[in-house]
Structures are given as C-alpha cells and as structure tokens.
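Chains, contacts and geometry: an overview
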Amino acid sequence: MPPDSRLTWLFVALTMILMGYFMVWLPHEAAGLSYIGLEMGEQAKFLPQVRSGEILPGRSLFYVPPVSVGLILVFLSSQWPLERWHTWVARSLGPLISTLALPALEAVGAEPAEWLWRVIMIGLVFALALLSPLLSRMPNRFLWLLIVATAFFGALLPGWVFLEVQAGFAALQRQPIGIGAGVWINVGGHILAAAVALAELRE
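All of the points below concern the structure found in this document.

Conventions we followed
- Residues numbered from 1 in each chain as written.
- Predicted model: local features only at pLDDT ≥ 70, side-chain atom pairs only at ≥ 80, totals over all residues.
- Heavy atoms only, no water.
- Core = buried A, V, L, I, M, F, W, Y, C linked by side-chain atoms within 4.5 Å.
- Buried < 20%, exposed > 50% of the residue type's maximum accessible area, 1.4 Å probe, protein only.
- Helix = DSSP H or I, 4+ residues; strand = E, 2+ residues; numbered from the N terminus.
- Contact = heavy atoms within 4.5 Å.
- Patch = residues over 30% accessible without salt bridge, like charges linked within 9 Å, V, L, I, M, F, W, Y side chains within 5 Å.
- Areas by Shrake-Rupley, 256 points an atom, 1.4 Å probe, with all protein chains shown as cover.
- Salt bridge = Lys/Arg side-chain N within 4 Å of Asp/Glu carboxyl O.
- Expected span 1.5 Å × (residues − 1).
- Arc of directions from axis to C-beta.
- Phe/Tyr/Trp six-rings, centres within 6.5 Å; stacked < 30°, edge-to-face > 60°.
- Lys NZ or Arg CZ within 6 Å of the ring centre and 35° of its normal.

Regarding the nonpolar core
Ranked by internal contacts, the top residues of the largest apolar core, which has 52 residues, are Met40, Phe62, Val165 and Phe169. Those elements that provide at least two residues to this core are α1 (3-21), β1 (24-26), α2 (37-44), α4 (64-77), α5 (85-98), α7 (112-130), α9 (140-173) and α10 (181-201). Dropping the residues within four chain positions of it, Phe169 is found in contact with Leu26, Tyr35, Met40, Gln43, Ala44, Leu47 and Ile177.

Encoded structure:
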C-alpha cells in the first residue's frame, strides 16, 4: 500500500470512529430509549449496577473514542513538516475533537470521581499537542506503534464497558438489547487505523 493511500485509509478510519460515536450504540424501537455513543456514558450512570460499583469498567470509557481520534491526529501530525498547513490543522483538530469528552458543567461539582478521568484524558491530548516538537524527534516507528496502541485501546475499552452495561439496560427495559451500528463502526474504525499503522511499520 503506497504511503498516500495509507494516509487516506487512516483518515477514513478516523472518520468512521467519529461517525460511529454519533450513531446508535444502544438500539431500541422507541427513539427516546435509543442512545448514541456520546450519550452512553451519561445514560449508564442511572443503572443500579453502575451506581453500586458492580460494573467494574467505569462509564468514563465511553468517552475514549474522541480522545483516541485526538491522540492519533497528534501522533500523526508530529511527523509532518511544520511549514505545511495540514500539520497545524491536524494538530489543532486533535485536541478540539477530544473535547467531545468534556463533562457537563453540572457534573463538575456533583461527580468529581467520574469527570476527573475524562479531564485527564483530554489534558493528555492537549499536552501531547503542545509537546509535538519533542514528539517529532522520536523515531517514526515509535510514533506508529503509539498509533497502534491507541487504536487497540480505542476499540477495546468502549466495547468492553458497553458489553458490561448492555445487560443492565436489558434488565431495566425488561427486554433483550442488541448492539447498535455505532459500536461496530467504532470498533471497525479503530481496527482499520491499527491495520494502517501496522502496514506502515512493516515498511
């Protein structure tokens, strides 16, 4: 796969992740009971299993997709020359997209344990964007390995917490709950991003 083609496929992967995040994750025939990826973290907090701590992975993991997109954009743009405008656009978009994981203002005082991890994840994206000049000194292979790792966890962590809360939603609604298209597209986008990065590493 030529380098330009790899870059195209990587942006396709990132677009898939963002599209999946705004698509239905928890399907239901009633629109008001169907939740997109962006809503899953907020809706999951009402489950008794989440409130009691029975479900181990925190609901903050539902906010990983925009953070993973932000990180991948930062890692990718750190390899590009500074004189290209594409570099600055990608480096700015990364932190901006990660802010999709920001907590609501009313949650800041009420749920410190829940929003703190989200702020830490977003802060990491901003910090790495600011440290891009240092990242650019690292070997490209190391940066592609970071993209592989980010894509792996971006697929695994939200999928894991979704499967954990799926049963809770089914019990709450007293009917089986399926897996929405957004979950699959999120996983598929992250797998594609990892595959592109691995192809780059094989060169």
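Things to note about a nonpolar patch on the surface
A grouping of Trp85, Val89, Leu93 and Leu96 is seen on the molecular surface, where their side chains present a nonpolar patch of about 410 Å² in accessible area. Here Val89 shows up in helix α5.

So, α5
Between the first and last C-alpha of α5 there are 21 Å, a value that for 14 residues agrees with the 20 Å anticipated at 1.5 Å per step. Among all positions in α5, only Thr87, Ala90, Arg91, Gly94, Pro95, Ile97 and Ser98 are buried. Buried residues in α5, looked at end-on, bunch into an arc of 165°, giving them a common side. Facing away from the buried side of α5, by more than 90 degrees, are the exposed residues Trp85 and Leu96.

Brief notes about the packing of aromatic side chains
How two aromatic rings sit relative to each other is set out by the distance from centre to centre and by the angle between their planes. Within this structure, the stated rule accounts for five aromatic pairs. Here the aromatic rings of Trp25 and Phe62 are separated by 6.2 Å at their centres, their planes lie at 70°, and the arrangement is edge-to-face. Within this pair, whereas Trp25 is found in strand β1, its partner Phe62 is found in the loop between α3 (48-51) and α4, the two being separated by 37 residues in sequence. On the accessibility criterion, Phe62 (0% relative accessible area) is buried. Seen in terms of ring centroids, Trp25 and Phe162 are 6.4 Å apart; in terms of plane orientation they differ by 75°. Their pairing is edge-to-face. Residue Trp25 is found in strand β1, and its partner Phe162 is found in helix α9; the two are separated by 137 residues along the sequence. These aromatic residues form a ring-pair network of at least three members: Trp25, Phe62 and Phe162. In this arrangement the basic side chain of Arg84 is found over the ring face of Trp80, its NZ or CZ atom lying 5.5 Å from the centre.

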